[in-house]
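Chain and residue survey
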Amino acid sequence: MIWKPSPNWGYPRFNHGRNGEKIVAIVDHITGGGWEPSNNWLLNPDSFVSAHYLIRKDGMVFQYVKEENAAWGCGLDFSLDLSYYRSNVTIPFIKNVWERRVNPNLMVVNIEHESSGEALTEEQYNSSLLLHFSITERYGILINHNYIVGHSDVNLRERPNDPGAAFPWIRLIDDLRRLKVNKEELLVYSQWAKARLDNNEDPRDTSAFIAHLKALGCEYTTPMRYGLPFVSVVGS
């Protein structure tokens, strides 16, 4: 994971914390363009836009804002009403946002994915999966579409295709639930992978990982596919 501090965070700007609010959800986005212009936009103080993370097509994860602080990814202007934004208030935390007129950025982790609407690459999906899992574990976020949502759920009028029809919602939720069940294996993997990297060995060698599980006397099903970017996420 690469740290790229954005100047766009906090309410007011540079105010640490989340103004007493707790993280209750993840909001997924797509950049709508390529890596370089998206990265530059998130780092531009005049854009008034940021996210906690951006996942590039090659699976590399970049962090722009610390999770303890609010990023500027899905804010609402409450001088405009619900009929303007067409927010999905069947989602509990979005309903709560409108009932209390609380900036949703104070309650969420924002994740961008490099995409113009096309499907995520496998490397990108796998990194996103483990980043989501890590966040849900840290904050006790429930794994369903009430708490893992798209920007379009918050602001349908202005972001109708964010993250769009190609975003793998069903696969993501299903895989997150599998990881929840198999998180002991995931911990074993992250420790093993770190040792492999320390020894300049490939942590993506599935046969070596199976041999490691057998040596530990672990029961296992088919090991999940892991890639290099995962190690920086899980082991961070």
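Above this text sits the structure in question.
Residues numbered from 1 in each chain as written. Predicted model: local features only at pLDDT ≥ 70, side-chain atom pairs only at ≥ 80, totals over all residues. Heavy atoms only, no water.

A few points about the sheet that holds strand 3 (residues 53–55)
Taken in spatial order, the six strands of this open sheet run 1-4-3-5-2-6, and their pairing is mixed. Either end of the sheet is taken by a strand with one partner, and the two such strands are strand 1 (2–3) and strand 6 (148–150). The pairing of strand 3 with strand 4 (residues 61–63) spans three bridges and is antiparallel. Residue pairing for strand 4: Leu-54 is matched across the bridge by Phe-62. Of the strands in this sheet, strand 2 (25–30) and strand 6 are in contact with helix 6 (residues 169–181), which crosses strand 6 at around 165 degrees. (Pairing = 2+ DSSP bridges. Helix = DSSP H or I, 4+ residues; strand = E, 2+ residues; numbered from the N terminus. Contact = heavy atoms within 4.5 Å. Axes fitted to C-alpha atoms, helices over the stretch in contact; angles between N-to-C directions.)

Here's the deal with the pattern of salt bridges
Considering all chains together, one arrives at ten salt bridges under this definition. Across the pair Arg-138 and Glu-67 runs a salt bridge whose closest N-O atoms are separated by 2.4 Å. In this pair, Arg-138 sits in helix 4 (residues 122–139) while Glu-67 sits in the loop between strand 4 and helix 2 (82–85), placing the two residues 71 residues apart along the sequence. For Arg-138, a relative accessible area of 43% corresponds to the partly exposed category. Using a relative accessible area of 8% as the deciding quantity, one classes Glu-67 as buried. Across the salt bridge formed by Glu-122 and Arg-171, the nearest N and O atoms sit 2.9 Å from each other. Of this pair, Glu-122 sits in helix 4 while Arg-171 sits in helix 6, and the two are 49 residues apart along the sequence. Salt bridges here are not isolated pairs; linked through shared partners, they connect Glu-122, Arg-171, Asp-175 and Arg-178. (Salt bridge = Lys/Arg side-chain N within 4 Å of Asp/Glu carboxyl O. Buried < 20%, exposed > 50% of the residue type's maximum accessible area, 1.4 Å probe, protein only.)

Read these as layout, nothing more, since geometry by itself doesn't imply function.
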